[in-house]
Amino acid sequence: MTDHATAPQPGPEPHDQAPAVTPVTPADDANPWAAITIDDPQPDAGQATAPFAPPEPTESPQEQAARRRRAAVRWSCAVLVFAIAGTGTALAVTAPERTDIPGLATANDGRYTFPPLTLPPLPSGKAAPDLKDNSKGLHQADLRYLLLPAPKEAGGSVNPPVFPSPTAPTATASAPASASAAPSDTAPATPGASASATAAPAASAAPGATAPANWVGCEAMGSELQNPARLHGLLLQNVCRAATVREWTASDGTSTRIRLLRFGSPNEARETYFRGRTDLQLKAAPDAKMASGDGWDTVAGIEVTRKDSQETAGKGVPTTRVAFVSASDVVAVVTMTNPRGVPATAFRQVVTLQCDLLA
């Protein structure tokens, strides 16, 4: 048998390869789709043409300079607006009083509003007292003007007082002494030596001057004491030359009374101070005892003794507070009462300011 060679059979064509299509020459011009084949080459993505971009406009140097000037003007205006706003805000905050700005007002802690403290003028040829030297510690000014004025909360003025022109103390050291050397129970010394000694300053008061406090007798304080006989005995041993008083009631209901007693010498005043702070008991606070706690910072030559009533109100606040003050030849007694309790801050303020006037 003769072996016949078999011709190789063609393998199966892959499905992903399309059979080549021979381009057909269009036989009829009326059929435009005849020239389109499925294997027409497509444009390469890397050779795609860029989109059309219009040319950038160019500015002349004059236009660039004008644009820079406009930008500088805009920034200058913005800075100016912020500066004006900041200045206005600062003025709105700093110009008015702090207490008038909502949210910044300090809560009232009981202190009063007093006018600026002003010392009265001294008589011609007289010097201010030197509280460190007993021989030079005499108060020569009008005693009535050494009293603390009433605060605004009690109807007082916040303007500084206007004092009359001083006069030479011709009879202030002798006439009042003869009138008060033998103290009597008559309280105010009206047509006596004390009034005549100060008639000239009162008559020469300038229009609009602050009304001075009243002259009273040295024993006028006895009406406030449980034991006025002890005050009488003190005034018999120590010569009280003059006395004056000022009192007010503030809007918080606290009544304040300040008495000043001037003696013939600092030694007599000091003895009255030491004995009075222990022996004299007020009717408003018969059980008052010396207050404990830290002492107050006072001016050199001023000594203060505080006494508080045992009767309290509210949160244990005393209803009566008393302060005895020694300032050379002057003794001051400050009494503050309030059924709802005397604020400690107001009491300390009143006593401290009165000490400043006497110093």
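Heads up: the structure comes first, above all this text.
Only a predicted model underlies this, so the values are computations on that prediction, with no experimental measurement involved. (Residues numbered from 1 in each chain as written. Predicted model: local features only at pLDDT ≥ 70, side-chain atom pairs only at ≥ 80, totals over all residues. Heavy atoms only, no water.)

Some points on helix α7 (residues 344-358)
Going by this rule: Helix and strand labels come from DSSP, where a helix needs a run of H or I of at least four residues and a strand needs a run of E of at least two; each type is numbered from the N terminus. Helices are assigned an expected span. That span is 1.5 Å times one less than the residue count. A simple rule labels every residue: compare its accessible area, found with a 1.4 Å probe on the protein chains alone, to the largest value its type can have, and call it buried under 20%, exposed over 50%, or partly exposed in between. A contact between two residues is defined here by any heavy atoms of the two lying within 4.5 Å.
The first and last C-alpha atoms of α7 sit 21 Å apart over 15 residues, in line with the 21 Å expected at 1.5 Å per residue. For α7, every residue scored as buried is listed here: Ala346, Phe347, Gln349, Val350, Val351, Leu353, Gln354, Cys355, Leu357 and Leu358. Where α7 is buried, its residues meet β2 (240-249), β3 (255-263), β5 (302-308), β8 (320-327) and β9 (330-337).

Notes on the packing of aromatic side chains
Basically, it comes down to this: Think of it this way: a Phe, Tyr or Trp ring, Trp meaning its six-membered ring, pairs with another when their centres are within 6.5 Å, and the plane angle makes it stacked under 30 degrees, edge-to-face over 60, tilted otherwise.
By the definition in use, this model includes four aromatic pairs. For the pair phenylalanine 114 and tryptophan 248, a centre-to-centre distance of 6.2 Å together with 70 degrees between the ring planes defines the contact as edge-to-face. Here phenylalanine 114 is found in the loop between α1 (61-94) and α2 (175-180), whereas its partner tryptophan 248 is found in strand β2, with 134 residues between them in sequence. Exposure remark for phenylalanine 114: the relative accessible area of 13% places this residue in the buried category.

Focus on the sheet that holds strand β4 (residues 289-290)
Basically, it comes down to this: Pairing between strands requires that DSSP locate at least two bridges from one strand to the other. What counts as an axis is a line fitted to C-alpha atoms, over the stretch in contact for a helix, and the angles between N-to-C directions run from 0 to 180 degrees.
In spatial order, the strands read β1-β2-β3-β9-β8-β5-β4; together these seven strands make up an open sheet with antiparallel pairing. A single partner strand is all that each edge strand has here, and the edge strands are β1 (214-216) and β4. Packed on one face of the sheet, α7 meets β2, β3, β5, β8 and β9 and runs near 15 degrees to β8.

Considerations on the pattern of salt bridges
Filter applied, for reference: In what follows, salt bridge is the name for a side-chain nitrogen of Lys or Arg lying within 4 Å of a carboxyl oxygen of Asp or Glu.
Going through the model one piece at a time under the given rule, you end up with seven salt bridges. Across the salt bridge formed by arginine 144 and aspartate 142, the nearest N and O atoms sit 2.9 Å from each other. Judged by its relative accessible area of 16%, aspartate 142 falls in the buried class. For glutamate 224, the salt bridge goes to arginine 257, with nearest N and O atoms at 3.3 Å. In this pair, glutamate 224 is assigned in the loop between β1 and α5 (228-237) and arginine 257 in strand β3, connecting sequence segments 33 residues apart. Each of the salt bridges in this network shares a partner with another, and the network as a whole consists of Glu224, Glu247, Arg257 and Arg259.

By themselves, these observations are geometric and do not establish any function.
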